[in-house]
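# Residue-level structure breakdown
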Amino acid sequence: MKILITGGTGFIGKQLVQVLSADNELTLLTRSAGKAHLELGNHHRFLGNLGALTSLDGFDVVINLAGEPIADKRWSLEQKQKICDSRWDITARLTDLFHASENPPHLFISGSAIGIYGDNAQSEPVDESFNLAHFDNTDANEMFPHSVCSRWEELALAAADKTRVCIIRIGLVLGCEGGALKKMLLPFKLGGGGIIGSGEQGMSWIHQQDLISMIIHLMTHPECQGIYNGTAPAPVSNKQFTQSLGQALHRPTFLPMPASVLNIALGEMSQLLTQGQYVYPKRILASGFEFSYPTLDEALAGLLQR
Ligand SMILES: NC(=O)c1ccc[n+]([C@@H]2O[C@H](COP(=O)([O-])OP(=O)(O)OC[C@H]3O[C@@H](n4cnc5c(N)ncnc54)[C@H](OP(=O)(O)O)[C@@H]3O)[C@@H](O)[C@H]2O)c1
């Protein structure tokens, strides 16, 4: 198949490219073709700008993962704009290209994140049927991840009259080469790990390999469409996550991180750590998907005991 991937140079994208490149012809959107060439090999086509395309004719599938990292820099107004624009502009352009196509790709998989569920403090997990309408009257600034994702999804779903659209609300992707776990490993290995804030906030994680398998599952199951939670079926509290990671690394986790300290250090972005969601992947399970790493201890053992 001919597949167009945005974000193919990222933490998730690189793993996807590795898996898909065996049997498919890949075109990767990247702002740094030279670097991507070195990292991903020279057997892909690299595209610097979607403006170079007039339609998506010729592609079978589009996978959209690009976006300014959400947790790398303090959320200044300028940075928030970058986080939004990078996702919204690329997704809107892709949807326009679907509409401009005579033979559009048969599938559009587009990223989103569980931040769309806001700060869900209940330990009863939310699934895809959770009613997001009550967020509509909340100040967008208080609900930044929700606002980013809701527009991101809306723009992708606008292509649904031309193709099968699958949106993945991605959780905390666990892998050692990127994402949150990579950032946590050093402090935990040094014995500086501990619960964050109350420790009661949900952490809905997914093993990197299961997320890639989920994308392949959506590609190979034409009956799948709409919203899917990209999380393992066993979300945990921050307290449980901290204990499991400490145990997997055989390190103590005595040092709590008060929410007030994080707030001073990170500003508004601290809500990514002090707030959370318990999310359940009801729809992907109902479609027959089986997780290789359904529990956190299995996922951490798989990643850390190599
Ligand atoms: N990792 C997670 O735990 C997680 C959780 C929830 C949601 N997600 C979402 O899943 C997607 C992929 O995640 P990831 O962890 O693989 O992300 P990542 O490693 O940060 O990679 C993101 C990709 O987006 C492109 N990009 C970055 N900034 C951009 C900008 N300002 N404008 C245009 N393109 C830009 C980069 O491509 P070039 O530099 O080559 O152009 C990069 O390959 C992201 O949209 C992320 O929000 C990830």
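As the structure is a prediction and not an experimental result, all values here were calculated from the model. (Residues numbered from 1 in each chain as written. Predicted model: local features only at pLDDT ≥ 70, side-chain atom pairs only at ≥ 80, totals over all residues. Heavy atoms only, no water.)

### Let's talk about the nonpolar core
Formed by 49 residues in total, the largest nonpolar core has its most connected members in Ile5, Ile63, Ile109, Leu174, Met219 and Leu245. Ranked by residue count, the leading element in this core is helix 6 (residues 208–220), at six residues. Among all residues touching Ile109, those that are not within four sequence positions of it are Val62, Ile63, Asn64, Cys166, Ile168, Ile215, Leu218 and Met219. In terms of nonpolar packing, the next biggest core, distinct from the first, is built from 19 residues, Leu4, Val62, Phe108 and Val165 among them. (Core = buried A, V, L, I, M, F, W, Y, C linked by side-chain atoms within 4.5 Å. Buried < 20%, exposed > 50% of the residue type's maximum accessible area, 1.4 Å probe, protein only. Helix = DSSP H or I, 4+ residues; strand = E, 2+ residues; numbered from the N terminus. Contact = heavy atoms within 4.5 Å.)

### A closer look at the site of the ligand
Around the ligand, 22 residues are found, and the nearest of them are Thr9, Phe11, Thr30, Arg31 and Arg87. Between the ligand and the protein, one listed contact pairs an oxygen atom with a backbone N or O atom of Gly10 at 2.9 Å. In the environment of the ligand, an oxygen atom lies 2.8 Å from a nitrogen or oxygen atom belonging to the side chain of Arg31. Only helix 1 (11–20), helix 3 (77–99), strand 5 (107–113) and strand 7 (172–174) provide two or more residues apiece to the shell around the ligand. Top element by residues in the shell around the ligand is helix 3. It accounts for three residues. Counted by class, the shell around the ligand contains 11 nonpolar, eight polar and three charged residues. (Near = heavy atom within 4 Å. Polar contact = N/O pair within 3.5 Å; in protein donor to acceptor, adjacent residues only side chain to side chain. Nonpolar A, V, L, I, M, F, W, Y, C, P; charged D, E, K, R; others polar.)

### Remarks on the UniProt feature "domain: DUF1731" (unreviewed entry) in the protein chain
Listed under "domain: DUF1731" (unreviewed entry) in the UniProt record, and renumbered for this structure, are residues 257–301. In the segment residues 257–301, helix accounts for 51% and strand for 0%; the C-alpha atoms at its two ends are 25 Å apart. (UniProt positions renumbered as here; feature names shortened; annotations may be inferred.)

### Let's talk about the pattern of salt bridges
Going through the model one piece at a time under the given rule, you end up with seven salt bridges. Glu268 is paired through a salt bridge with Lys80; the nearest N and O atoms lie 2.9 Å apart. Of this pair, Glu268 sits in the loop between helix 8 (259–266) and helix 9 (271–274) while Lys80 sits in helix 3, and the two are 188 residues apart along the sequence. Overall, Lys80 belongs to the buried group, its relative accessible area being 7%. (Salt bridge = Lys/Arg side-chain N within 4 Å of Asp/Glu carboxyl O.)

### What about unusual backbone geometry?
Negative phi values dominate among residues other than glycine, just as trans dominates among peptide bonds. Positive phi is not limited to glycine here, since His250 has a value of about 60°. For His250, the position within the fold is in the loop between helix 7 (238–249) and helix 8.

### Topic: the pairing of strand 4 (residues 61–64)
Across the two faces of strand 4 the burial is the same, with Val61 and Ile63 and Val62 and Asn64 all buried. Inspection of the sheet shows strand 1 (residues 2–6) paired to strand 4 by four bridges, in the parallel sense. Counterpart to Leu4 in the pairing with strand 4 is Val62. Of the strand pairs in this sheet, strand 4 and strand 5 are connected by four bridges, and their pairing is parallel. Note that in strand 5 the partner of Ile63 across the bridge is Ile109. (Pairing = 2+ DSSP bridges.)

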